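Here is what each chain is made of, one letter per residue.
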Amino acid sequence: MMKKLEDWEKRFHRFLCENKDRKFRWGRWDCVIFANSACKAISGQKLIPEYLYWENKRTAVKTIKEYGETLLNSMIKGTKEKGLIEVPKDQIQKGDICVYDSKGKNITGVCDGYAIVSPASEGYGYNEMSKAIKVFRING
């Protein structure tokens, strides 16, 4: 079961600062890789099973379809396997992993305490916490 490290907030802040200028790139720095990396910073463990891999949009869509059919179902499956707790979306808080709506598409993001953060073409995109569809919390 994934648990937050004692100094998770400091680690999460450092993670956000160190990656703020990274450009979006499928399989390297997309919304799922970002959430996976945030989980690693917060808990010391990865969220994505080792056998899942993609390198572009086409293979990302294929991987999602094979793993859980949709991004939302894949996130529900993956977070459950790692012991994250689903919380009501109106209780989203710093460090929570979520799936949110962005112009009718589901995207994975992480709450920084003020907004949902996810990679964009240049740096981060910030979205209102009210756009969360499902919210998952690392225990601890």
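About the thresholds
Residues numbered from 1 in each chain as written. Predicted model: local features only at pLDDT ≥ 70, side-chain atom pairs only at ≥ 80, totals over all residues. Heavy atoms only, no water. Pairing = 2+ DSSP bridges. Helix = DSSP H or I, 4+ residues; strand = E, 2+ residues; numbered from the N terminus. Buried < 20%, exposed > 50% of the residue type's maximum accessible area, 1.4 Å probe, protein only. Phe/Tyr/Trp six-rings, centres within 6.5 Å; stacked < 30°, edge-to-face > 60°. Contact = heavy atoms within 4.5 Å. Core = buried A, V, L, I, M, F, W, Y, C linked by side-chain atoms within 4.5 Å.

Caption draft 1: How the structure looks around the pairing of strand S2 (residues 97–102). The pairing of S2 with strand S3 (residues 105–111) spans 6 bridges and is classified as antiparallel. Looking at S3, one finds that Ser102 is bridged to Lys105. The loop that links S2 with its antiparallel partner S3 comprises 2 residues; one of these, Lys103, has a positive phi angle of about 55°. Here S2 runs beside strand S6 (residues 132–137); their pairing, made up of 4 bridges, is antiparallel.

Caption draft 2: Structural context of the environment of Ile116. Tracing the sequence through the fold places Ile116 in strand S4 (residues 116–119). By relative accessible area, which is 0% here, Ile116 ends up buried. The spacing of Ile116 and Trp29 is 87 residues in sequence and 16 Å in space, taken between C-alpha atoms.

Caption draft 3: Seen up close, the packing of aromatic side chains. Taken as a whole and assessed by the stated rule, the structure comprises 8 aromatic pairs. Note on Trp8 and Phe12: the rings are 6.5 Å apart at their centroids and 35° apart in plane angle, and the pair reads as tilted. Here Trp8 and its partner Phe12 are both found in helix H1 (residues 8–18), 4 residues apart, which amounts to about one turn of the helix. Phe12 sits in the buried class, given a relative accessible area of 2%. The interplanar angle of 90° and the centroid separation of 5.6 Å between the aromatic rings of Trp29 and Phe34 together place this pair among those described as edge-to-face. On the accessibility criterion, Phe34 (0% relative accessible area) is buried. The structure contains a cluster of three or more aromatic residues connected by ring pairs, namely Trp8, Phe12, Phe15, Trp29, Phe34, Tyr124 and Tyr126.

Caption draft 4: Quick peek at the environment of Leu72. Here Leu72 shows up in helix H4 (residues 71–81). Separated by 40 residues in sequence, Leu72 and Val32 have C-alpha atoms that sit 11 Å apart. Among all residues touching Leu72, those that are not within four sequence positions of it are Val99, Asn106, Ile133 and Lys134.

Caption draft 5: Representation of the nonpolar core in the model. Counting residues in each nonpolar core, the largest one holds 41 residues, and the members touching the most others are Phe12, Phe15 and Phe34. When contributions to this core are tallied by element, the ones reaching two or more residues are H1, helix H2 (31–43), helix H3 (57–68), H4, S2, S3, S4 and S6. In terms of residue count, H2 provides more of this core than any other element does, 9 residues in total.

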